[in-house]
Amino acid sequence: MGIEYDGSAFRGWQIQVGVRSVQATLEEAIGRVADHPIRVQCAGRTDAGVHADEQVVHFDTAARRTERAWVLGTNVNLPPDVAVRWACPVDPRFHARFEAQARHYRYLIMVRATRSPLQRDRAVWSHRPLDIERMREAGQALVGVHDFSSFRAVACQAKSPIRHLHYLELSETDGLIQLRVGANGFLHHMVRNIAGVLMTIGRGEASVEWTRELLELRDRRLGGVTAPPQGLYFVRADYPEGFRLPSGRALAPSTDQHNVTRSCL
């Protein structure tokens, strides 16, 4: 399934005792359609307040339903802040997390003198101007294969800090800055830490060379402030074409050259 959700009222993706999570909400809704308990695996777990355009999940079931029934039946049982975009059967070898070849995120920054009630849970607010050209220049140092230790959370459990950042793009429309990144994988808080560093550089509080220096230092304690979660969106994950998942082309950035798979709906 491809899942879209507003993370504002959730304590993150993963099930936690006594709090609202996307995973628990989704599993309950799918379970009603399947008529048995369901456990889902996702492409990339998101933190509290983080949103998703097309989170990919998989689950095992013996229930026989049409693709349309899985989508509409699950959506009927979901709250307004979560929805299934598509559903299709997959090869038993498929795994939403381990078969993903790349993941894509975007981060939104609202730049204006006053806060925006309409964007309060959709973008982070910067009341100070940001120099997007400085941010672009600084961001290019991160593209490629690097040790991102300075950009991972202290509690990150990934075995290796090495990641291949395929692209980093920045654009601005009517005061809304959009940061788009894609990589073979991301460390915990990696995108938010990148956003925090670029915002610091955009405000003129650090040099354009700071990103390169942080890569060389490999020390999160020197990596600056983690940007708030409200501006972060999981855009999509890429998978081998043979799995025939629905296309995410409409969500892809202009420089993304990854294979786009065909729709099964």
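Residues numbered from 1 in each chain as written. Predicted model: local features only at pLDDT ≥ 70, side-chain atom pairs only at ≥ 80, totals over all residues. Heavy atoms only, no water.

A closer look at the environment of Glu67
For clarity, the cut-off: Secondary structure is summarised from DSSP: a helix means a run of H or I of at least four residues, a strand means a run of E of at least two, and numbering begins at the N terminus for each.
Position of Glu67 relative to the elements: it lies in helix H2 (residues 67–76). Between the C-alpha atoms of Glu67 and Pro89, which are 22 residues apart in sequence, the distance is 7.9 Å.

Some remarks on the pattern of salt bridges
Inclusion rule: By convention in these notes, a salt bridge is any Lys or Arg side-chain nitrogen within 4 Å of a carboxyl oxygen on Asp or Glu.
Following the criterion strictly, the structure yields 14 salt bridges and no others. A salt bridge links Asp6 to Arg122; the shortest N-O distance between them is 3.0 Å. Of this pair, Asp6 sits in the loop between strand S1 (2–5) and helix H1 (22–34) while Arg122 sits in the loop between strand S5 (102–111) and strand S6 (124–126), placing them 116 residues apart in sequence. Here the salt bridges do not stand alone but share partners, grouping Arg128, Arg203 and Glu205 into one network.

Remarks on the UniProt feature "binding site: substrate" (unreviewed entry) in the protein chain
This is how it is decided: UniProt positions are given in the numbering used here, feature names are shortened, and annotations may be inferred rather than shown by experiment. Between buried and exposed lies partly exposed: a residue is buried under 20% and exposed over 50% of the maximum accessible area for its type, with that area taken using a 1.4 Å probe on protein chains only. Contacts were defined at the residue level, with two residues in contact if any of their heavy atoms lie within 4.5 Å.
The UniProt record marks Tyr105 with the feature "binding site: substrate" (unreviewed entry), using the residue numbering of this structure. Following the sequence through the fold, Tyr105 ends up in strand S5. Judged by relative accessible area, which is 9%, Tyr105 ranks as buried. Apart from residues no more than four positions distant in its own chain, Tyr105 is found in contact with Leu179, Arg180, Val181, Phe186, Val191, Leu232, Tyr233, Phe234 and Val235.

Overview of the side chain of Gln55
Looking at the secondary structure, you find Gln55 in strand S3 (residues 51–58). Apart from the residues within four sequence positions on either side, Gln55 is in contact with Met1, Gly2, Ile3, Tyr5, Trp13, Cys42, Ala43, Gly44, Thr46 and Phe234.

Quick notes on the packing of aromatic side chains
As a reminder of what qualifies: Only the six-membered ring of Trp is used, alongside the rings of Phe and Tyr, when aromatic pairs are assigned; centres must lie within 6.5 Å, and planes under 30 degrees apart are stacked while those over 60 apart are edge-to-face, with the rest tilted. Note on criteria: charge over ring means Lys NZ or Arg CZ within 6 Å of the ring centre, with the direction from the centre no more than 35 degrees off the ring normal.
All told, the structure shown has 7 aromatic pairs when counted by the stated rule. Taking the centre distance of 6.2 Å and the plane angle of 35° together, the rings of Tyr5 and Trp13 count as tilted. Classification of Trp13 by relative accessible area gives buried; the value is 2%. Taking the centre distance of 5.5 Å and the plane angle of 65° together, the rings of Phe59 and Trp70 count as edge-to-face. Taken together, the positions of Phe59 in the loop between S3 and H2 and Trp70 in helix H2 put the pair 11 residues apart, joining distant regions of the chain. For the pair Phe59 and Trp70, one class covers both residues: buried. What links up through ring pairs into an aromatic cluster is the set Phe94, Tyr239 and Phe243. A cation over an aromatic ring shows up here: Arg20 above the ring of Phe10, its NZ or CZ 3.9 Å from the ring centre. In this arrangement the basic side chain of Arg106 is found over the ring face of Tyr233, its NZ or CZ atom lying 4.1 Å from the centre.

Digging into the UniProt feature "active site" (unreviewed entry) in the protein chain
Applied cut-off: Pairs of N or O atoms are called polar contacts if they sit within 3.5 Å, as long as, within protein, a hydrogen donor faces a hydrogen acceptor (for residues adjacent in sequence, only side-chain-to-side-chain pairs).
UniProt's entry tags Asp47 with the feature "active site" (unreviewed entry), counted in the numbering of this structure. By the element assignment, Asp47 lies in the loop between strand S2 (41–42) and S3. For Asp47, a relative accessible area of 26% gives the class partly exposed. A distance of 3.4 Å separates a polar atom in the side chain of Asp47 from a polar atom in the side chain of His188.

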